[in-house]
Structures are given as C-alpha cells and as structure tokens.
Amino acid sequence: MQAPGTEDRLLAPAHAARTSFLTLLEGSLARADGAAGRFVSLVLAKYRGSEPDLNQLLVRSVILRNEPCLSLVYRHATRDITKNLPIPDGLRLIDGLLGSDFRNAHLHTTTEEVQLSISQRGQCTLRTTKLATHAQAPAAAQDHNRAKQHLVELDRPFLAALGVTDAQQRLVPAMARKWKQINKFVEVFSHALASSPLAAAREVRVMDFGAGKGYLTFAVHDHLRHALGLQAQVTGVELRSDMVALCNAAASRLGLQGLHFEQGDVGSVAPAAFDVMIALHACDTATDHAIHKGIRAGAAIILCSPCCHKQLRPQLLSPHPLRPILQHGVHLGQEAEMLTDGLRALLLESRGYQTQVFEFVSLEHTQKNKMILAVKRAHPTAPDEVLAQIDEIKRFYGIREQCLESLLAREA
C-alpha cells in the first residue's frame, strides 16, 4: 500500500525513465531568478560498474567561487573521493552513470522525494512522494531548527585550513558528515580524558597512528590547547608523504605549537612514551599492534576504530557446533568481527584498563563505525578472572592465535 501523495509510474525503455528523472533533477537545482532551488541531495546506489569497492555516489549542491556547483562524493569501502563540478558538467556525468553504473537514484528536494529503480532487464519504476507541508521549510530554516552547541565550533581556523569550512567559516555541505564525525570523536575523547588519570594533568602527549588528512588530529590538538588550555604535544603518523606534507604545512601556516606530523606507520614509529594512543581504521592486525604499542607506552587512554577482521575468520571454519550458521559469509564476518574486538577489549581489561566497545557514529556517516575505548584504571584488579574468560572463549571457538595476545605473551 503506497503512502498518500505517492505516485508510481512504470516507464520503459530505460532512457525514458532517465530522461524524466534528470528533468526533475535539473528543475530542482535552480530557479529562473538564479536563487537556490528545491534540491537537497541525490544518492546513486546499487553500483554495477568496474570499481569493486565503490558503494554509492552522494551529490550535494555547493557554492565555489560564487558559482553553484555539484559536490560528488564517491563512497568506497575504505575511503571517500570528492569531485566538485559545475552544475551542467555534473548533470552530464550523472546522466552517463545512471542506468549503466548505478541502478538506483534517490532525489531529495524540499517538496518531494523521487526514486528511480532500474531492473537488470531495463524496466524502470519512477516513484514521486510529495512531502508534508511541515517538511517543505527552506533548508536554512531546517538547519536553524537543528542547530545545537558543538564542542568544535565552525569558526575554528583548522577547519577552514582542511576544507571543512569555507573562507566565511560556513560548513561546506559535502563535509557535513566529516564535521559530525569530528564533533563526536572530540566528545568521546573529552569524556575519556575527564575520567582518566590525565584529568589533572597540565601536559598531554598524543600519538595518532594513521592520521590521514589530520581532521581528528587537528581537532584533538585544538580541544586540548584551545578549549582546555593544556600543553598538548600531538603527533600524527601517516604513511602517505603527501598527506604528511599537507598537514605540516597547515599546522605551520596556522602557527600551531605542539602539533607535528611524520611519515610512517604503527610498525615503524616507536616513540618513547605517550599518554593517548589513537588508531582509527588500522587494517586487521595493525589495530593489535597499535593497542600493544599503547599498552607498552603506558598510555592512559587508547582509542581505536578497527578496520577489517581477517585473522580469526579462517580459524572459525574448523569443526564446530556453529559451523552450519557460520557457513554463510555474512555471519562468519560478523562473528569474526565481534570475537576479534571482544578479545581485544578483554586483553586490555587484563592489563588494567576499563574498556568499552560501542558505535562511534551512525552507519549513515561511515561504514567503519565501531570504537574500542580503553581508560587506565587508577587501581587495576587482578587479571586472573579475565584471562580465564579469554581462554574459555578461545576453546569454545577453536581460536588458536590472536595477534594482540601473542604480542603481549611475547613481551612477557
């Protein structure tokens, strides 16, 4: 049963549906007087092209050099690639992708939602849903209604230097997800800091492995120095030399003391000591090496957002009561992820940390959304019970080796 205000039209062949959809898209982008149109966003999904890890194409409208443009964000499994194009060029690109590379398109405007679905046989369904009156408020009014206080305000200079805001300190629409991620991370970090042995410290040393473009590295430095007034020494470690150069240039341009980036990874950089260890999206056992490095350094706070969970997956295929369930790849992957991060949390508990495993941000904003937070206990408890739990779990699942456990055992 379709919702009130919804109209379905079955169109064939495919080019007729694409033409009709693109006409609606173009009409939503601008008014005759040149003012902003009804366009809110466009999502192309069900990718069938040649790039194996591309999932979606997200399209937003932006103003660049006083000209309206389309910001296209190609969402891959492990990265986002953004391209900004003038509206006519963007429309031509979308026209070429729709129906060939992408079989689903969802257009959001201030007055309606339009969804185009294309089957493998080329049969197309175009669905238009009129929005209720209260949902047709101008975008600016909607933004105002949602406004709230953030730990990282838009006027912070590092946001403009990294392209999150423009020269007028306005959020770049294509960076809205990143800004939300930055704020959520700083919120998590701030709570962890307040409950850790560092709560009364005047100086905090931070290592961020896999810093990338430095969004979170700059944000942590800014929070410690600007918001809390601490003597922060923050080091971002990144394997790509161009990202290291970009971040160091931005830090130098802004005159930021105590912020530095160096080339390397968790295996090649060995600092003497630090208080906070951050490792976001370190692939597979690189997360274990990062946690181990944090434990060895005596870090008071360890923050990880794991990526990939390959080590335990083949070990779960041995004869086991759960094998009929784990024969499905999606179940096997989910079980391997849960076990890997659960064992990491228990191993941190055994080394005197209080740990939490939780959803960092919604899957709407990133597919890598799990976080492990470990805060050093003031009075660690005896590890025997936790180690017994680890042994029992390993026996039940037939796990022979887990990287972090092996690293800790080798050290002992």
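Residues numbered from 1 in each chain as written. Predicted model: local features only at pLDDT ≥ 70, side-chain atom pairs only at ≥ 80, totals over all residues. Heavy atoms only, no water.

Participant: What am I meant to see in the pattern of salt bridges here?
Facilitator: Once the charged atoms of two side chains with opposite charge are near each other, the side chains can pair. Tallying each qualifying case throughout the model produces 13 salt bridges. Where E187 meets K184, a salt bridge forms, and the shortest distance between an N and an O atom there is 3.9 Å. Placement of the pair is E187 and K184 together in helix 5 (residues 176-194), with a separation of three residues, close to one helical turn. Its relative accessible area of 34% is what places E187 among the partly exposed residues. Accessibility expressed as a relative area gives 28% for K184, which makes it partly exposed. (Salt bridge = Lys/Arg side-chain N within 4 Å of Asp/Glu carboxyl O. Helix = DSSP H or I, 4+ residues; strand = E, 2+ residues; numbered from the N terminus. Buried < 20%, exposed > 50% of the residue type's maximum accessible area, 1.4 Å probe, protein only.)

Participant: Explanation requested: the sheet that holds strand 14 (residues 353-359) in the structure shown.
Facilitator: Hydrogen bonds between backbone atoms are what pair the strands of a sheet, whose relative direction is either parallel or antiparallel. An order of 11-10-9-12-13-15-14 is seen for the seven strands of this open sheet, with the pairing classed as mixed. Of all the strands in the sheet, the pair left with one neighbour each is strand 11 (259-263) and strand 14. Adjacent strand axes in the sheet meet at a mean angle of 15 degrees when their direction is disregarded. Pairing analysis gives four bridges linking strand 13 (residues 301-307) to strand 15 (residues 370-376), with the strands arranged antiparallel. Residue C304 lies in a different strand from strand 15, and its bridge partner there is I372. Strands strand 9 (203-209), strand 12 (276-283), strand 13 and strand 14 of the sheet are contacted by helix 8 (residues 286-297), whose axis makes an angle of about 170 degrees with strand 12. (Pairing = 2+ DSSP bridges. Axes fitted to C-alpha atoms, helices over the stretch in contact; angles between N-to-C directions. Contact = heavy atoms within 4.5 Å.)

Participant: Would you mind showing me how to read the packing of helix 8 against helix 12 (residues 403-411) here?
Facilitator: When two helices pack together, their arrangement is captured by the angle between the axes and the distance separating the axes. At a minimum axis distance of 8 Å, the contact between helix 8 and helix 12 shows a crossing angle of 35 degrees. Considering how the two elements wind past one another, helix 8 and helix 12 form a crossing that is right-handed. Residue-level contacts link D288, H289, I291, H292, I295 and R296 of helix 8 to C403, L404, L407, L408 and E411 of helix 12. When its residues are assigned to classes, the contact of helix 8 with helix 12 shows six nonpolar, two polar and three charged. (Left-handed = near helix turned anticlockwise from the far one by under 90°. Nonpolar A, V, L, I, M, F, W, Y, C, P; charged D, E, K, R; others polar.)

Participant: Whenever I open this one, empty space enclosed by the protein confuses me. Can you help?
Facilitator: Take a probe with the size of a water molecule and roll it over the atoms, and the empty space left behind shows itself. Inspection of every chain in the model, using the stated rule, returns one cavity of 30 Å³ or more. Approximately 30 Å³ is the volume attributed to the largest cavity. If you go around the largest cavity, the residues you meet are D284, T285, D288, H309, K310, Q311, L312, T340, R344 and Q402. Here the lining of the largest cavity is built from residues that sort into one nonpolar, five polar and four charged. (1 Å grid on protein atoms, 1.4 Å probe; cavity = no way out; pocket = protein on both sides within 12 Å on 5 of 7 lines; lining within 4 Å. Points joined across faces, edges and corners; volume = space filled by probe spheres on them.)

Participant: Got a minute to help me understand the packing of helix 10 (residues 329-350) against helix 11 (residues 384-397) in this structure?
Facilitator: Relative orientation of the contacting elements helix 10 and helix 11 amounts to 160 degrees, with a least axis distance of 9 Å. Here helix 11 runs roughly antiparallel to helix 10, going by the angle between their axes. Note on packing geometry: the crossing formed by helix 10 with helix 11 is left-handed. Together, E335, M338, L339, L343, L346, L347, E349 and S350 of helix 10 and V386, L387, Q389, I390, I393 and Y397 of helix 11 make up the contact between the two elements. Of the residues assigned to the contact of helix 10 with helix 11, the class counts are 10 nonpolar, two polar and two charged. (Parallel < 35°, antiparallel > 145°, perpendicular 65-115°, else oblique.)

Participant: Just to check I follow, could you spell out the pairing of strand 10 (residues 231-238) for this structure?
Facilitator: The side chains of a regular strand alternate, residue by residue, between the two faces of the sheet. Within strand 10, six of the eight residues are buried, leaving the element largely enclosed by the surrounding structure. What joins strand 9 to strand 10 is helix 6 (residues 215-227), and the crossover it makes is right-handed. Bridging between strand 10 and strand 11 involves five bridges; their strand directions are parallel. In the sheet register, G236 faces strand 11, and the bridge partner there is F261. (Right-handed = clockwise from strand over helix to strand, strands pointing away.)

Participant: Can you help me understand the nonpolar core in this one?
Facilitator: Within soluble globular proteins, side chains that are nonpolar tend to cluster in buried spots. Within the largest apolar cluster, 43 residues are counted, with the highest numbers of intra-cluster contacts made by I182, F185, F218, L224, I301 and L303. Among the elements that line this core, the one with the most residues is helix 5, at eight residues. Beyond its immediate sequence surroundings of up to four residues, I301 is in contact with A192, L193, S196, L198, D275, V276, M277, L373 and A374. Among the nonpolar cores identified, the runner-up in size contains 34 residues, and F209, L312, L347 and L348 belong to it. (Core = buried A, V, L, I, M, F, W, Y, C linked by side-chain atoms within 4.5 Å.)

Participant: What exactly am I supposed to notice about the side chain of D341 here?
Facilitator: Positionally, D341 belongs in helix 10. For D341, a relative accessible area of 1% corresponds to the buried category. Engagement of the side chain of D341 in a polar contact is seen with the side chain of R344, the distance being 2.8 Å. (Polar contact = N/O pair within 3.5 Å; in protein donor to acceptor, adjacent residues only side chain to side chain.)

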